[in-house]
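# Structural overview for review
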Amino acid sequence: MGKLRVLAAGELNPDLILSQVQGLPEFGQERVAGVFEMHLGSSTAIFAAQLSRLGAEVSLVARIGGDTLGEFCRERLQEIGVDTSLLIEDRESGTGVTVSLSYPQDRMLITYLGCISRLQESDVTDEMLDGYDHMHISSYYLQTSLQRGITRLLQRAKERGLTISLDTGDDPAGKFEANILEVLPLVDYFLPNERELIAITKTSDYRRGLESLKDRVPTIAVKLGSKGAALQQGDEFIYVPGFTIEVADTTGAGDSFDAGFIFARLNGLSLREALVWGNACGALCAANIGGASGFDSAEAVREFIAKEAGKCT
């Protein structure tokens, strides 16, 4: 197989990460963080960066402002090896930004959208789609402009032979609707976390959520945090436990899972092996601060899997 070419479409912004926070935030009180760092953020960009590190050729189409935050993101992507030629400089809005309060068990995100929500279907042209093997879309619920044309975008990608993965991310409105059930039949790999899957399917647990979507989406891989991940493809259910690590920052762990899973599947690995790769990339990310961190090559992930396979939770 030749080198995989993947188009990631979605959002781009930096993450301002506060970790080692003393207690949960409450109105009227001040909390102290032991660590502050600025890293490349946003689900789509983190996915693109991590997949590029694994060895795929990845291009990112997203909107950024003509400001220092946008330039920071562009330069960081270029350093990692992601093609930034498709980035669109938005003259009407600034680059978005996310503040992440990171705790060992999870993280709290507060995002200023800026031009994040301004990406449109027409920004992803037929010429862009030509020549790619796969398209990945993240943060569906933040992409309010893209939502209006996403069905047509996915149809155009399908017509050109691309496979498609989707990670909706959280819905700030808490509704988890926006026609998502109409979009999913056009998706090859749906990659929610446990909370998102339960909210979208209106079920009581992830097993029921997977069961409810098995006739709508070819493959659903659900991220279960430290518990690992599970998958449903038709009537086949697979569960793979997570790796035992010391968590430093959970920011980007889910996006790193996506990168590992998609890399494995596009390279012909089995569903179970893809879950292992997803878990490994997510764990390596969570063991470091910053979403686009944790490993620098597919070989590093492969070595981690070989070394830690007997230590899964």
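Residues numbered from 1 in each chain as written. Predicted model: local features only at pLDDT ≥ 70, side-chain atom pairs only at ≥ 80, totals over all residues. Heavy atoms only, no water.

Strand order in the open sheet formed by nine strands is β5-β4-β1-β8-β9-β10-β11-β12-β13, and the pairing between neighbours is mixed. The sheet terminates laterally at β5 (88-90) and β13 (236-240), the two strands that pair on one side only. Relative to strand β9 (residues 163-167), strand β8 (residues 134-138) is paired through five bridges, and the arrangement is parallel. The partner of Ser138 across the bridge, within β9, is Asp167. Contacts from helix α1 (residues 43-54) reach β1 (5-10), β4 (57-65) and β8, with the element oriented near 165 degrees to β1. (Pairing = 2+ DSSP bridges. Helix = DSSP H or I, 4+ residues; strand = E, 2+ residues; numbered from the N terminus. Contact = heavy atoms within 4.5 Å. Axes fitted to C-alpha atoms, helices over the stretch in contact; angles between N-to-C directions.)

Before going further, it helps to examine the packing of aromatic side chains. Following the criterion strictly, the structure yields six aromatic pairs and no others. A connected cluster of aromatic rings, assembled from ring pairs, spans Tyr140, Tyr141 and Phe176. Of note, Arg5 hangs over the ring of Tyr132, and the distance from its end group to the ring centre comes to 4.4 Å. If you follow Arg207 out to its NZ or CZ, it ends over the ring of Phe237, 3.6 Å from the centre. (Phe/Tyr/Trp six-rings, centres within 6.5 Å; stacked < 30°, edge-to-face > 60°. Lys NZ or Arg CZ within 6 Å of the ring centre and 35° of its normal.)

Looking at the secondary structure, you find Gln78 in helix α2 (residues 68-80). Look at Gln78 and you get partly exposed, because its relative accessible area is 44%. Residues Gln78 and Ala49 lie 29 residues apart in sequence; the distance between their C-alpha atoms is 9.3 Å. (Buried < 20%, exposed > 50% of the residue type's maximum accessible area, 1.4 Å probe, protein only.)

On to the packing of helix α10 (residues 271-286) against helix α11 (residues 298-308). Two elements in contact, α10 and α11, have axes separated by 10 Å at closest approach and are oriented at 100 degrees. On the basis of their axis angle, the class for α10 and α11 is roughly perpendicular. Each of Val276, Trp277, Ala280, Cys281, Ala283 and Leu284 in α10 lies in contact with α11, whose residues at this interface are Ala298, Val301, Arg302, Phe304 and Ile305. Taken together, the residues of the contact of α10 with α11 sort by class into 10 nonpolar, no polar and one charged. (Parallel < 35°, antiparallel > 145°, perpendicular 65-115°, else oblique. Nonpolar A, V, L, I, M, F, W, Y, C, P; charged D, E, K, R; others polar.)

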